[in-house]
Amino acid sequence: MEWKEITLAQKQVMEQFYQYRISKGCEQSFGNNYLWSDIYRTKVGFMADCMVFRTEKTKSVSFPIGEKPLQAIPLLREYMKEIGEPFRMGLVIPEQFAMLEKAYPGEFQIEYRRHEADYIYRTESLMTLAGKKLHAKRNHINRFRENNPDWCFEVITEENVEECIEMVKVWLETTPGGNAEDKREEVDVTIRALREREIIGLDAGLLRAGGKVIAFSLGEPLGNDTYVVHIEKAFGDIQGAYPMINREFASYFAKDYLYINREEDLGEEGLRKAKLSYYPEMIYEKGLVTLVENNK
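Conventions used here
Residues numbered from 1 in each chain as written. Predicted model: local features only at pLDDT ≥ 70, side-chain atom pairs only at ≥ 80, totals over all residues. Heavy atoms only, no water. Helix = DSSP H or I, 4+ residues; strand = E, 2+ residues; numbered from the N terminus. Rg over C-alpha atoms; globule rule 2.2 N^0.38 Å. Buried < 20%, exposed > 50% of the residue type's maximum accessible area, 1.4 Å probe, protein only. Areas by Shrake-Rupley, 256 points an atom, 1.4 Å probe, with all protein chains shown as cover. Lys, Arg positive; Asp, Glu negative; His and termini not counted. Charge placed at Lys NZ, Arg CZ, Asp CG, Glu CD. Salt bridge = Lys/Arg side-chain N within 4 Å of Asp/Glu carboxyl O. Pairing = 2+ DSSP bridges. Phe/Tyr/Trp six-rings, centres within 6.5 Å; stacked < 30°, edge-to-face > 60°. Lys NZ or Arg CZ within 6 Å of the ring centre and 35° of its normal. Axes fitted to C-alpha atoms, helices over the stretch in contact; angles between N-to-C directions. Parallel < 35°, antiparallel > 145°, perpendicular 65-115°, else oblique. Contact = heavy atoms within 4.5 Å. Polar contact = N/O pair within 3.5 Å; in protein donor to acceptor, adjacent residues only side chain to side chain. Arc of directions from axis to C-beta.

Undergrad: I tried to follow the overall build of the protein on my own but got confused; where do I start?
TA: Looking only at helices and strands, one finds twelve helices and 14 strands in the protein. In terms of C-alpha radius of gyration, the protein reaches 20 Å, essentially the compact-globule figure of 19 Å for 296 residues. Along the first, second and third principal axes, the C-alpha set of the protein runs to 65 × 40 × 35 Å. By residue count, 49% of the 296 residues in the protein fall in the buried class. As presented, the protein carries roughly 14,600 Å² of accessible surface, and 49% of it is formed by carbon and sulfur atoms. Each charge sign in the protein was given a centre, from 40 positive and 49 negative side chains, and these centres are 4 Å apart.

Undergrad: What is the right way to look at the pattern of salt bridges in this model?
TA: A pair can form between side chains of opposite charge whenever their charged atoms are brought close. The full count for this structure, using the stated rule, is 26 salt bridges. With a closest N to O distance of 3.3 Å, E56 and R54 form a salt bridge. Taking the relative accessible area as the measure of exposure, E56 reaches 27% and is therefore partly exposed. Judged by relative accessible area, which is 8%, R54 ranks as buried. A salt bridge links R77 to E107, with the shortest nitrogen-to-oxygen separation between them at 2.7 Å. Taken together, the residues span a long stretch of sequence, with R77 in helix α4 (residues 73-82) and E107 in the loop between α5 (94-103) and β6 (108-112) at a distance of 30 residues. What makes E107 partly exposed here is its relative accessible area of 21%. Sharing partners across several salt bridges, the network here consists of R54, E56, K59 and E85.

Undergrad: In this structure, what is going on with the sheet that holds strand β2 (residues 42-47)? I would like to understand it.
TA: Adjacent strands of a sheet pair through backbone hydrogen bonds, lying either parallel or antiparallel. Within the open sheet, the seven strands sit side by side as β1-β2-β3-β4-β5-β14-β6. Their pairing is mixed. Strand pairing shows two members of the sheet lacking a second neighbour, β1 (4-5) and β6, which therefore form its edges. The pairing of β6 with strand β14 (residues 287-291) spans five bridges and is antiparallel. What sits directly across from I110, in β14, is V289.

Undergrad: For this particular structure, what's the right way to read the packing of aromatic side chains?
TA: Aromatic rings in a pair are described by how distant their centres are and how their planes are angled relative to each other. On inspection of all chains with the given rule, the structure shows 14 aromatic pairs. Ring geometry for F144 and W151: centres 6.3 Å apart, planes at 65 degrees, overall edge-to-face. What links up through ring pairs into an aromatic cluster is the set F153, Y227, F249, Y252, F253 and Y257. Cation over ring: R77 sits above Y104, and NZ or CZ is 5.9 Å from the ring centre. Geometry around Y278 places K137 over its ring, the cationic atom sitting 4.1 Å from the centre.

Undergrad: Is there a simple way to think about the pairing of strand β11 (residues 226-234) in this case?
TA: If a strand is regular, its side chains alternate between the two faces of the sheet. A large share of β11 lies buried, amounting to nine of its nine residues. Where strand β10 (residues 212-221) and β11 come together, seven bridges link them in antiparallel fashion. Its bridge partner being in β11, A215 is matched across the sheet by A234. Turn length for the β10-β11 hairpin, with the two strands adjacent in sequence and antiparallel, is four residues, and the turn residue G223 shows positive phi of about 85 degrees.

Undergrad: Where do I start with the packing of helix α8 (residues 161-174) against helix α9 (residues 181-195) in this structure?
TA: To describe two helices that pack against each other, one gives the angle between their axes and the distance between the axes. Packing of α8 against α9 leaves a shortest axis separation of 10 Å and a crossing angle of 175 degrees. For the element pair α8 / α9, the angle class is roughly antiparallel. On the side of α8, the interface is formed by V161, E162, C164, I165, V168, K169, W171 and L172, while α9 contributes K183, R184, E186, V187, T190, I191, L194 and R195.

Undergrad: When you look at the side chain of N261 in this model, what are you seeing that I'm missing?
TA: By the element assignment, N261 lies in strand β12 (residues 259-261). N261 gets classed as buried once you look at its relative accessible area, which sits at 0%. A polar side-chain atom of N261 sits 2.7 Å from the main-chain carbonyl oxygen of K24. One polar contact links N261 to D118, side chain to side chain, over a distance of 3.0 Å. For N261, the residues in contact, after removing those within four places along its chain, are K24, G25, C26, D118, Y119, I120, L222, T226, Y227, V228 and V229.

Undergrad: Explanation requested: α4 in the structure shown.
TA: Every α-helical turn comprises 3.6 residues, leaving residues that sit three or four positions apart pointing alike. Every buried residue belonging to α4 is among I73, L76, Y79 and M80, and all of these are buried. Seen from one end, α4 has its buried residues packed into an arc of 125 degrees, which puts them on one side. Every exposed residue of α4 that faces more than 90 degrees away from the buried side is listed here: K81 and E82. A positive phi of about 75 degrees marks G84, the residue just after α4.

Note that every value here comes from positions in space, so none of it alone points to a role or purpose.
Dropping the structure here:
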């Protein structure tokens, strides 16, 4: 097995395989795979006409992406055995596990992990915020509009991207827990995404009020019917900034898609509460697949 670094030079080759994805998981995109590869120490490999990721941080591989993904399973099992590691396949959705169970009945087991589940919403719901359940979101947006009559939404370009970079640096300094390693890593990834957004293939938009950037977001299409929002940052002390960038970004970039994936909550209580407050269409389960004891 040869595992390669995920670089911009790999983008064209990798994108040939994404057409075979059956998952709506946020990791099924070049933007996600590339931007977080250094943090999670993820590399990409190609076998049996499939693409597979190996993540050193979790000591796991991904479910193969290809026209016939099950062809790569025996190779992955043999590889893990050769390097002396237990078979671990991460971020597997129920449909993928069903494929494994049909091909290898009783040989694999799965443990679904709530903190890895993605939040998927109806695009129309995020654009309109209609209905009684989202009344509070509409109120926050109304307050934002009243308090910031000069607000505007802009596409991020070379002319305003540096303002976004400065904004996220201030965000880090003023956010509780901003000195934590994971928050610093998150900002490093965000700055990288902003600088390389065009070559990665990311859409990017910002919210401005009082002449200053107060929020921005980046995302990309994930198949024919789903759009994924990878990054969203706003100043939390500005009432309505988060729901406003959420709505404006969805309306501008994702209006032609049925669903929006806003990724996982990482087990953070505050983030989980915020994502649930938009009433997702589905909590998209993902789990860890291992071998049943007598098949190890």
